[in-house]
Structures are given as structure tokens and as C-alpha cells.
Amino acid sequence: MRAQDVHTHKAADRRGETAQAHSARFAPRGTGAGWIALLSLCVLGACADADKPSNQVDATIDPSETADGGRDAAAASDGDSATDRPDHRADGGPDSPQVRGADELIADASAALCGALARCCDQGSISDWFGGYAARYEQNEALQALAAELPPRAPFDADSCPSKLAKMLEVVPFGKWVSAVRAGDVAYDAKAAAVCLDTLQNASCGDELGAALYDGTCLSYSPPFGGSEQRTMFSRTKSPGAACTTLNDGIGGLFYGTCEPSAAFCCIEDAAGECTVPSGNNPQGTCRAAAGEGEACSMLPPFLLCKTGAECVNDRCVIPQTGDLTVGEACMDANFVALGDCKESYCESSSSRCEPLVKDGAACLFPFECESGACVERLCGAPTFCTGPELDGMAADAGVTDSGTVPAPDAGTAELSVSTLDVKLASPHGLTLGADGTTLYVADQNRHVVRSIAADGTLSEIGMLTNATPYLGGYVDGASAGAQFRSPWGLASAADGTLYVSDTGNRAIRRVSFTGGAVVSTLVGGPESTIFKNPKGVAVDENGDLLVVDGSICKLVRIAKGDGQITPVLDATACVGVSADARLYLPAGLAYRAATRDVFVSSVVGQRIYRVHLGADSASTSVDVIAGSSSGESGHVDGAGLEARFNGPQHLAIDTDGALLVADSNNHVLRRVAEVAGEVVVSTIAGTPGSAGSSDGHPLREASFTLPTGLVVARDGTIYVSESNGPTSRLRRIGR
């Protein structure tokens, strides 16, 4: 497993077996730090809105494209565009074999993809696959009309699937490729397309099919990465000096466009003649010679990209090493450039060393960590992806096991309303309120900063937003403007105003003090530390000490506020299985109720809520599951604690009545866990189970959420909720 592959996997949003996670599972990737930096530029605003990708590892798309995409869009035009003039068509005109073959590709691919899904996949896996388009429903008017007719919002129908999917593929990813073939800018290889179709149609159910469905070099909506990989059925041939067009299929397609990537990239010139960021507003450019090994390069404007096969590192093109490495050897350098290939091991991004493969039954995050090559529900073992059809009788709201009806509002919720804050975020996770009770802090994970939102709406940052490798994060203490985080996740605020951050990518707990301006320091841990591997939820107790759970080692510790001394609360060196007696199986969110000295912990994969009652010492500390499944079963069921079901519970908070609030992310709702007559009862307090959306209004009758993630409750009972959903991420407010 190469270092670049590992880094791209680690960057993926870890929401479980979603389409994005499946894509990371089945598609090998070689995106180095330079390419990630380029993608970050697009994600964070350098590219025009029309070309912003929908998540950190997805394709750049152009929502201005119509659903008619290739041939239908051309037919609807006035006929005098460059791509429709006969002198620009390949092989002499619209009836050439190349153009006919490219025109047929979308229909053939749609039929093959739908047939494979129907042959092997259940509704859940099908919904995951179509979920890759979910973010695009709100970005593209042509796709919005299809949203209600396709999974995950409607049942899968094998008969109507090909025609509906074809409209999607015409927008993403094949529309511009087909147009480029028509214009004579790209060559089409019918034999290569036939190989992709044959592989998909004949793949065995399971991981073999998964690899075909998510193969970005063939028919998947998941794009190829870097400049060297491309769709095998298309060849880019434009030489330096030739006119070029950008392509909406991955960062390589965007930046190399129709140029031959081993020789040139597509330069979109600014007023000064320098190469600037491509976008949907300036898709035309000129092929400019790419830099070779040892030559100067730049992954920031003005661009000078390397020829494919090389990486731009410290402004020079270098060829990544490919030699075999063994356990314990360094596998990537500080710039995430590979130092070789880990053999019978994997490259762990945090340590940058080859680590031993994990045995079946042990905890994992990604399949490349496992001896078996399969990580199923965060345990190494046999693969289960699309192992057989189970389509008969499936409901449209698969995974939602109750009736889905909206309960009548009670007196306590009748005056409440959900509203959306006017704040733009990339990937908001943990929330907390400052000691003043009004300043809201947000861990913006993929931007590697902590956001501060004042009572008047003023937005500021703690941590750097730009550096030599933009938005990759880092590990630097000091004044806010120069400090660096890497994937901050959880937040907690102390009575003295100190802000604590679980800096997951740096394996550290960071501390922000505000005396004379925000200053960041490290309380415990660091990139080379073995204290933490994946610190997640944090909370401050009545003494000002910090409680922290580690999502990979599965331990709970207390950190003294003064000297940072660590005391185990529930000690562990590794996670155990998902069985009912397991302690803290892959913990994530954490909340503390001082009145009862109870720590509450969520397990996103275990689908449960733990209660840890703090005794006088570790011997008198107890832990039990108070809500959710004892076997990891997901769903949406309200009622008695252990009969209730969750689907990806993330961050937690204590409300003003002492009840526990849960961001039930994959159910798109907020849940409340309370004791009623001595019994634990789970109820839904906002959102509609299984129905994603962005509507404001009454929490139960009108409002909808999409992947709620973070939670915090203000002193007056107002609830703030973060939704981590790529470019449509939001902050919501529930209050009177």
C-alpha cells in the first residue's frame, strides 16, 4: 500500500459504509500531497462555484451542464458552437465510428451498471452507490428532478434505472468526454470500453463487483486521480501549443484537460498570461509543456505542473520511489511522498511507517489494514459488499425500521423552530460554546481550523488557513495566525475560557488560551506520540479536568487541567469486538453530566450509547450500554433504551433538563435519551427519520436535516447542530 493511497484514504470522510467509503475501499489511489493541495484549492474557493467538488476525494463537476449532457445537449443547441462544427469532429463527422461509439457509451454503461446492481446488491448497497450523487442534487437543477425517483429517496427499480442513470452519467462524468470526442479533441477506444463493460457484467458478487462499480478508470462516477490516470476508453492527445478544453472528471481531468498528460497540461491564462485555476467559466485554454524530473514546478498559481509519473515536491518534480519496504520502515516523507511500497504490511499515515497487517476480528478503519483485505463494519473479516440480491419487498426507507410517521408535537416543542445560520463551512464537526455562553466554536475538520462565531455573527479562525501546502493541515503551536491543526474533531470549553481541541490527525489534545489573543499549545500527545491514536470526543468535568475518548484504541482517560497528567478511566490498548459486553467499541462522541458523574459515549459503528459512571477509583467505575443495539444493528426505532436503534450516532450533548441529545447522523435526525420513571427512553426530537433535507420550521413537522454531526446546548436551551455534508454543510439552530 503506497503512501499516497493511504493519505487519500485517510482524508475520506469516515461516515461508515457510504458511497464515499466504498469508493475508498475499492479504488486504489495515487494522489500525492500536491494533487491534494490542488483539490483543496477547488474545494475552498479558488475554482468557480460551478466546478467545486462535492467532497474531498470526489470529481470536480460543472453543474451548468444540462442533464442532456453530450448528444442531447448538442442537438438542442443552435448548431454553431465549436463542438458542433463538422471541421472539429473526429474522423470526418457525427457518423464516424468514434463518435457513434462514444454516443453509445452512456446508454451501454447505464444498462451495465443497473444490471450489476440488480444482480448482486441489496437496497442498502444500492442506496450507498447512488448516494454518491446526493450532493449534486442540490447543485444541479437538471438532477434535482431525478432525486425523488432514485435511491436513496425511492426504491430501486431495475426497469427504469438505465434511462434515469443515463441522464446522470451525461452530466457526471461522461458529458464532457463525449463532447470532446465529437470535437476531435479526444480519441475514443471502443475496445477498451468493451473491456470495462465486460468486467462489470461478469464480475462475481462481492468485492470483485465492488472493484468494478467504483473503478474510476472505467465506468464509475468516482473519478480517476492525478493526471496519469484517466478513463481507459479515452485518450488525450493534444500537444504543447494546441488549444485545449478542461474536463469535469477528477482533478487530473480539470488541470490536464484534453492535453496529453505525459507532455502538457491545460493552461487557462489570466490577464498576465500566467496559468490560473480552471473553472466552469473559463474551460478553454492552451496546452503548455509540463515539467520533467528535476525541473521547477508549481502547484499554486501561476501553475507549472509535472509530467505524469512525477510529483511536485518543494517546487521540483520528483519520481516517487517504488522499492519494497518492510514493517517498521518509513513509507512516506513529510510531504506525503511515497518512499516505497509496504510489503505484507500497510503505510500508516500518522506514523508514516509500515505497520503489520491486522488479523480477522480486530478493529480496522480501511481494508488495506487487514490481512483479508476486507474491513467490514470496522472489523477485519470476510467481505459483505453486494454478496447477493435481496430486492424483493424492500421499502423505500430501507434501514428505517419504524413506521416513519411524524409524532404529534407536545407542549415542549410547539414553540420551537429550526433555522439555518448564514455561515459557510467545509466539514463542521464538534461544537462548543465559550465561557461567555454566546461565542460558538466549530471544528471545521477538512479546513483544519477552529471557527469562532461571535454573538453578532462575526466569523474568525483559530489556526492557519493558508500555508505552503494549502489546507493539508500541520502541527504548529503558537499564536492563532501561525498555529496549525490537522483534522480537528471534538471541542470542549472550560469555565476559565480555555478551549480544548481533539486534534485527531496529530494524535494530540490542543489547548487554546485567550489571554492577549488566541494562543494554541499542546496539552498531551503529538504526531509521534503513542498516547493517542485517534482522539475524538472531549468534555470538561466539574474540576476543570478533561475527559477524552480514543476512537481507535477505545480508551477513556482524564487529563489534569494543570500539568496534563493522564489517568485512565477505562483503559485499553486496542478495540475489541461489537459484542454486548465490549467496552467502548470504536467510541466517538462524548458528553459529561456533572450532576450524576456520568460520561456518555457514542459508538458510530456499534450503533449504541454507553454510560460510564465515574466512581471514586477505576475499580468502582462502571460502564453499560443504555441505548441502541447490542450487536451493531442499525435502524431507527424510538422507545425503551435497548430496543431503540440508531444509525451512526456521532456527537453528544446534555440539555438543560439533564437528558442526553444524540446527533443520529445517518438517520438525519436528532434523538433524546432520557430517564422516564426509572427507565431509559429514546425519542426523536427533530427531523424526519431516513429523509435528508434542508428545510427550516417546526422541528418535527417541517424541518429536515442532512447528516447532523455536532451538537451543543446553550444556557437558554437553544440547540446548535452542525451538518457535515461537503459543500452543503450547514449550521442549524433549534430554539424559540
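Please read all numbers here as calculations on a predicted model, not as lab measurements. Residue indices follow the written sequence of each chain, beginning from 1 at its first position. The predicted origin of the model limits local features to residues at a pLDDT of at least 70 and limits the giving and counting of side-chain atom pairs to 80 or more, whereas totals for whole chains, interfaces and linings rest on all residues. Side-chain metrics in this entry use all non-hydrogen atoms of the structure; hydrogen atoms and water are not considered.

Another point: the overall build of the protein chain. Secondary structure elements follow DSSP: runs of H or I no shorter than four residues count as helices, runs of E no shorter than two count as strands, and numbering proceeds from the N terminus. When helices and strands are counted, the protein chain shows 13 helices and 40 strands. Taken across its 736 residues, the protein chain has 58% of its residues classed as buried. Taking the contacts inside the protein chain whose residues are at least 6 apart along the sequence as the reference set, 52% of them involve residues at least 24 apart. Exposed residues in this analysis have more than 50% of their type's maximum accessible area, buried residues have under 20%, and partly exposed residues fall in between, with area computed by a 1.4 Å probe over protein chains only. Whether two residues touch is decided by their heavy atoms; if any such pair falls within 4.5 Å, the residues are in contact.

Interaxial distance between helix 5 (residues 97–120) and helix 9 (residues 161–171) falls to 8 Å at its minimum, and their mutual angle equals 125 degrees. Between helix 5 and helix 9, the crossing angle belongs to the class labelled oblique. Here the hand of the crossing between helix 5 and helix 9 comes out right-handed. Residue-level contacts link Ile 106, Ala 109, Ser 110, Ala 111, Leu 113 and Cys 114 of helix 5 to Cys 161, Pro 162, Leu 165, Ala 166, Leu 169 and Glu 170 of helix 9. Only C-alpha atoms enter the line fits that serve as axes; for helices the fit covers just the stretch in contact. Angles between N-to-C directions range over 0 to 180 degrees. Angle categories: roughly parallel below 35 degrees, roughly antiparallel above 145, roughly perpendicular from 65 to 115, and oblique for all the rest. Handedness of each helix crossing follows the sense of rotation of the near helix against the far helix: counterclockwise by less than a right angle gives left-handed, clockwise gives right-handed.

What follows covers the pairing of strand 29 (residues 587–593). Counting buried residues along strand 29, seven of its seven residues qualify, which places the element largely inside the surrounding structure. Whether two strands pair comes down to DSSP finding at least two bridges between them. In this sheet, strand 30 (residues 598–603) lies alongside strand 29 in antiparallel orientation, the contact comprising five bridges. Of the residues in strand 30, the one forming a bridge with Arg 593 is Asp 598. In this structure, the hairpin formed by strand 29 and strand 30 is closed by a connection of four residues, where Arg 597 is found at a positive phi of approximately 55 degrees.

This next bit is on the sheet that holds strand 27 (residues 556–559). Pairing within the open sheet is antiparallel, and its four strands lie in the order 25-26-27-28. The outermost strands of the open sheet, each flanked by one partner alone, are strand 25 (535–540) and strand 28 (566–570). Averaged over all adjacent pairs, the angle separating strand axes in this sheet is 25 degrees, with direction ignored. Alignment of strand 26 (residues 546–550) against strand 27, held across four bridges, turns out to be antiparallel. Bridging from a neighbouring strand, Val 549 pairs with Leu 556 of strand 27.

One open sheet holds the five strands; their spatial order is 20-24-23-22-21, and the pairing between them is antiparallel. Looking at the sheet topology across the chains shown, the edges are occupied by strand 20 (478–479) and strand 21 (488–493).

With that settled, consider helix 10 (residues 175–182). The buried count for helix 10 comes to seven of eight residues, which makes it a mostly enclosed element. For helix 10, every residue scored as buried is listed here: Gly 175, Lys 176, Trp 177, Val 178, Ala 180, Val 181 and Arg 182. One or two residues past the end of helix 10 sits Gly 184, with phi positive at roughly 80 degrees.

Right, let's get into unusual backbone geometry. Following Pro 301, the chain continues into Pro 302 via a peptide bond in cis, with omega recorded as -5 degrees. Summarising the element assignment, Pro 302 is placed in the loop between strand 6 (284–289) and strand 7 (311–313). At Ala 677, a position not held by glycine, the phi torsion is positive, near 55 degrees. Note on placement: Ala 677 falls in the loop between strand 36 (669–676) and strand 37 (679–686). Exposure remark for Ala 677: the relative accessible area of 78% places this residue in the exposed category.

This paragraph deals with the environment of Ser 427. Position of Ser 427 among the secondary structure elements: in the loop between strand 15 (417–420) and strand 16 (428–433). Discounting chain neighbours no more than four positions away, the residues touching Ser 427 are Ala 443, Asp 444, Gln 445, Asn 446, Ser 724 and Ser 729.

Glancing now at the packing of aromatic side chains. Geometry of an aromatic ring pair is reported as the spacing of the ring centres plus the angle between the planes. Note on ring pairs: Phe, Tyr and Trp rings are taken, using the six-membered ring of Trp, and paired if centres are within 6.5 Å. Classes follow the plane angle, with under 30 degrees stacked, over 60 edge-to-face and the rest tilted. Enumeration according to the criterion identifies four aromatic pairs in this entry. Residues Tyr 188 and Phe 234 carry aromatic rings whose centres are separated by 5.7 Å and whose planes lie at 55 degrees to one another, so their mutual orientation is tilted. In this pair, Tyr 188 is assigned in strand 1 (residues 186–188) and Phe 234 in strand 2 (residues 234–236), connecting sequence segments 46 residues apart. On the accessibility criterion, Tyr 188 (11% relative accessible area) is buried. Counting every residue linked through ring pairs, the aromatic cluster contains Trp 177, Tyr 188 and Phe 234.

Right, let's get into the pattern of salt bridges. We define a salt bridge as a side-chain nitrogen of Lys or Arg found within 4 Å of a carboxyl oxygen belonging to Asp or Glu. With the rule as written, the count across this model stands at 23 salt bridges. Asp 598 is the salt-bridge partner of Arg 593, the closest N and O atoms lying 3.2 Å from each other. Accessibility assignment for this pair places Arg 593 and Asp 598 in one class, buried. Close ionic contact of Asp 664 with Arg 671 constitutes a salt bridge, the shortest N to O distance being 2.6 Å. You can call Arg 671 buried: its relative accessible area is 0%.

To continue, consider the state of the cysteines. We call a pair of cysteine sulfur atoms a disulfide whenever their separation is within 2.5 Å. With the rule as written, the count across this model stands at ten disulfides. One disulfide in the model links Cys 267 with Cys 275; its S-S distance is 2.1 Å. With the S-S bond torsion at -105 degrees, the cross-link from Cys 267 to Cys 275 turns out left-handed. We note that Cys 267, like Cys 275, is buried. At a sulfur-sulfur separation of 2.1 Å, the disulfide partner of Cys 297 is Cys 312. Because the sign of the S-S torsion sets the handedness, a value of about 95 degrees for the bond joining Cys 297 and Cys 312 places this disulfide among the right-handed ones.

Let us now look at the pairing of strand 19 (residues 459–462). The pairing of strand 18 (residues 449–453) with strand 19 spans four bridges and is classified as antiparallel. Within strand 19, the position partnered with Arg 451 by the bridge is Glu 461. Hairpin connection between strand 18 and strand 19: a loop of five residues separates the two successive antiparallel strands, and Gly 457 in this loop has a positive phi of roughly 90 degrees.

Let us now look at the environment of Ala 154. Within the secondary structure, Ala 154 sits in the loop between helix 8 (141–147) and helix 9. Residue class for Ala 154 comes out buried when judged on its relative accessible area of 10%. With 27 residues separating them along the chain, Ala 154 and Ser 127 place their C-alpha atoms 8.9 Å apart.

The next point concerns the nonpolar core. In this text, buried Ala, Val, Leu, Ile, Met, Phe, Trp, Tyr and Cys residues form a nonpolar core when linked through side-chain atoms within 4.5 Å. Core analysis: the largest hydrophobic core is formed by 46 residues, its most contacted members being Trp 129, Phe 130, Leu 200, Leu 209, Leu 219, Met 233 and Phe 234. Of all the elements in the fold, those that place two or more residues in this core are helix 5, helix 6 (123–130), helix 9, helix 10, strand 1, helix 11 (190–202) and helix 12 (207–213). In terms of residue count, the dominant contributor to this core is helix 5 (eleven residues). Within the second largest apolar cluster, 19 residues are counted, among which are Leu 590, Val 605, Val 612 and Leu 614.

Moving on: helix 5. Given a helix with a known number of residues, its expected span is that number minus one, times 1.5 Å. A rise of 1.5 Å per residue sets the reference length of helix 5, with its 24 residues, at 34 Å; its end C-alpha atoms lie 33 Å apart and thus fit the reference within 8%. Of all the bends in helix 5, the greatest, near 35 degrees, is centred on Leu 105. The reported bend at a residue is simply the angle between two axes, fitted to the 7 residues ending at it and to the 7 residues beginning with it.

Remember, this is a structural readout, not a statement about activity or role.
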